[in-house]
Amino acid sequence: MIPNMTRKPRDVESAIAVLRTAQRILVFTGAGISTESGIPDFRGPDGLWSKVDPDDFHIKRYRSNPELRRRGWKMHLDGELWGARSSVLPNTGHEAIKRLADADRLAGVVTQNVDGLHLVSGLDDYQVAELHGNVRKSHCVDCEQVWDTEIVLAWVEAGELDPTCPDCGGMVKTATVMFGEILPQDEMEKAMEFLAAADAILVVGSTVSVSPASDIVMYGGYLSLPIVIINQGPTEADEQAVVKLDAAIGEVLPELVEGLLTG
């Protein structure tokens, strides 16, 4: 494991120096990269948990509360927050990561976000592991049939405010992972493949505190991969990091990637 340092470098040049020799970089992203697109984070002072009850995002409550489900589908229909019809766009942080991919320096993106902005930025599905699912797909929780969320939203628009599976009558929800649900196995396997191919890890906008997604970063530290973190505020992986940049992603990530690709 990388030894802890009493004073970690906090400048972009130090981060560039750490990552310069890495042929493939695993980028691990959390809510912090999407806040700069206008999507609130969860745990910040103005985050989602300061406005809504986190238990509303537990699968048991969702299953037992039709009004909660109707409210959720209306949110998607209205394009609120990270909903399926959200009008938010990728920001300079997402674009910088796409530059890494275009330069063939990306092992893959492992993201905790469900907004799909990495894909909107131009990355392909095979380059992104969405550990907490996504809003683009919906499924029946009983028979596991899958639809594009737009198809389900057409049912809602037609008057089925709490849509059910047309085949088995089961509850329908977006393919986002709620509290009490397990992470999609295929996405976890993809993330582990990215880790096996990586020479370094770049954490962007995550506190690395939500398990088991955070295990990807922690295991990378165990493998002695150099870790660079860009996040405003402390993270659970700070002691494993070689460089920690406590700064806005849009201010430093484009500069970091520019330095990597042109230095």
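None of these values were measured; they are calculated from a predicted model.

Participant: I keep staring at the nonpolar core and nothing clicks. Help me out?
Facilitator: Generally speaking, a soluble globular protein has its nonpolar side chains buried in company with each other. Residues Val27, Leu202, Leu253 and Leu256 are the most contacted members of the largest nonpolar core, which totals 33 residues. Elements with a minimum of two residues in this core: helix H1 (12-19), strand S1 (25-29), helix H5 (92-102), strand S2 (106-111), strand S7 (200-204), strand S8 (227-230), strand S9 (243-245) and helix H10 (249-262). In terms of residue count, H10 provides more of this core than any other element does, 6 residues in total. If we ignore the near neighbours within four places in the chain, the residues touching Leu256 are Val12, Ala15, Ile16, Leu19, Ile230 and Leu245. With 23 residues, the next largest nonpolar core counts Phe194, Leu195, Ala198 and Ile229 among its residues.

Participant: Looking at this structure, I do not really get the pattern of salt bridges. What am I missing?
Facilitator: Think of it this way: side chains of opposite charge can pair up when their charged atoms draw near. If you walk through the whole model with that rule in mind, you get 14 salt bridges. For Asp78, the salt bridge is made with Lys74, and the minimal N-O distance between the two is 2.5 Å. Here the residue Asp78 and the residue Lys74 both occupy positions in helix H4 (residues 66-78), the gap between them amounting to 4 residues, near one helical turn. For Asp78, a relative accessible area of 39% gives the class partly exposed. The salt bridge involving Glu157 is made with Arg85; its shortest N-O contact spans 2.9 Å. One end of the pair, Glu157, is in helix H7 (residues 149-157); the other, Arg85, is in the loop between H4 and H5, with 72 residues separating them in the sequence. When its relative accessible area of 29% is taken as the criterion, Arg85 is described as partly exposed. If you follow the salt bridges from partner to partner, you end up with Arg85, Glu150 and Glu157 in one network.

Participant: Sorry, what's going on with the packing of aromatic side chains here?
Facilitator: The geometry of an aromatic ring pair comes down to the distance between the two centres and the angle between the two planes. Taken as a whole, this structure holds 2 aromatic pairs when the rule is applied. Ring plane angle 75 degrees and centroid distance 5.3 Å describe the contact between Trp147 and Trp155, whose orientation is recorded as edge-to-face. For Trp147, a relative accessible area of 9% corresponds to the buried category. Between Tyr219 and Tyr222, the aromatic rings sit 5.8 Å apart at their centres with planes inclined by 15 degrees, giving stacked as the arrangement. Of this pair, Tyr219 and Tyr222 both sit in helix H9 (residues 215-222), 3 residues apart, which is roughly one turn of that helix. On the accessibility criterion, Tyr219 (37% relative accessible area) is partly exposed.

Participant: Please clarify how H7 should be interpreted in this entry.
Facilitator: Since one α-helical turn is 3.6 residues long, residues separated by three or four positions face the same way. Within H7, burial applies to Thr149, Val152, Leu153 and Val156. Relative to the axis of H7, the buried residues are bounded by an arc of 100 degrees and lie together on one face. The secondary structure elements touched by the buried residues of H7 are H4, strand S4 (133-140), strand S5 (146-148) and strand S6 (172-176). Phi for Gly159, located one or two positions after H7, is positive at around 115 degrees.

Participant: Looking at this structure, I do not really get the pairing of S1. What am I missing?
Facilitator: It is a general feature of regular strands that their side chains alternate between the two faces of the sheet. Across the 5 residues that make up S1, a large majority, 5, are buried. Here S1 shows a buried face lined by Ile25, Val27 and Thr29 and a second buried face lined by Leu26 and Phe28. Inspection of the sheet shows S1 paired to S2 by 5 bridges, in the parallel sense. By the bridge assignment, Ile25 is partnered in S2 with Leu106. One ladder, built from 5 bridges, connects S1 with S7; its direction is parallel. Residue pairing for S7: Ile25 is matched across the bridge by Ala200.

Participant: How should I be thinking about the environment of Met188 in this particular structure?
Facilitator: Relative to the assigned elements, Met188 resides in helix H8 (residues 185-197). Judged by its relative accessible area of 18%, Met188 falls in the buried class. Measuring from C-alpha to C-alpha, the distance between Met188 and Thr149 comes to 22 Å, with 39 residues separating the pair along the chain. Those residues in contact with Met188 that lie beyond four places of it in its chain are Leu131, Leu183 and Ile216.

Participant: Help me understand the packing of H1 against H10 in this model?
Facilitator: Two quantities define a packed helix pair, namely the angle between the axes and the distance from one axis to the other. The N-to-C vectors of H1 and H10 enclose an angle of 45 degrees; their axes lie 9 Å apart at closest approach. Judged by the angle between their axes, H1 and H10 are oblique. When the axes of H1 and H10 are compared, the crossing they make is right-handed. Of the residues in H10, those touching H1 at Val12, Ala15, Ile16 and Leu19 are Val252, Glu255, Leu256, Gly259 and Leu260. Per-class residue counts for the contact of H1 with H10 are 7 nonpolar, 1 polar and 1 charged.

Parameters and conventions
- Residues numbered from 1 in each chain as written.
- Predicted model: local features only at pLDDT ≥ 70, side-chain atom pairs only at ≥ 80, totals over all residues.
- Heavy atoms only, no water.
- Core = buried A, V, L, I, M, F, W, Y, C linked by side-chain atoms within 4.5 Å.
- Buried < 20%, exposed > 50% of the residue type's maximum accessible area, 1.4 Å probe, protein only.
- Helix = DSSP H or I, 4+ residues; strand = E, 2+ residues; numbered from the N terminus.
- Contact = heavy atoms within 4.5 Å.
- Salt bridge = Lys/Arg side-chain N within 4 Å of Asp/Glu carboxyl O.
- Phe/Tyr/Trp six-rings, centres within 6.5 Å; stacked < 30°, edge-to-face > 60°.
- Arc of directions from axis to C-beta.
- Pairing = 2+ DSSP bridges.
- Axes fitted to C-alpha atoms, helices over the stretch in contact; angles between N-to-C directions.
- Parallel < 35°, antiparallel > 145°, perpendicular 65-115°, else oblique.
- Left-handed = near helix turned anticlockwise from the far one by under 90°.
- Nonpolar A, V, L, I, M, F, W, Y, C, P; charged D, E, K, R; others polar.

So, to be careful, I would describe these as geometric facts and stop short of saying anything about function.
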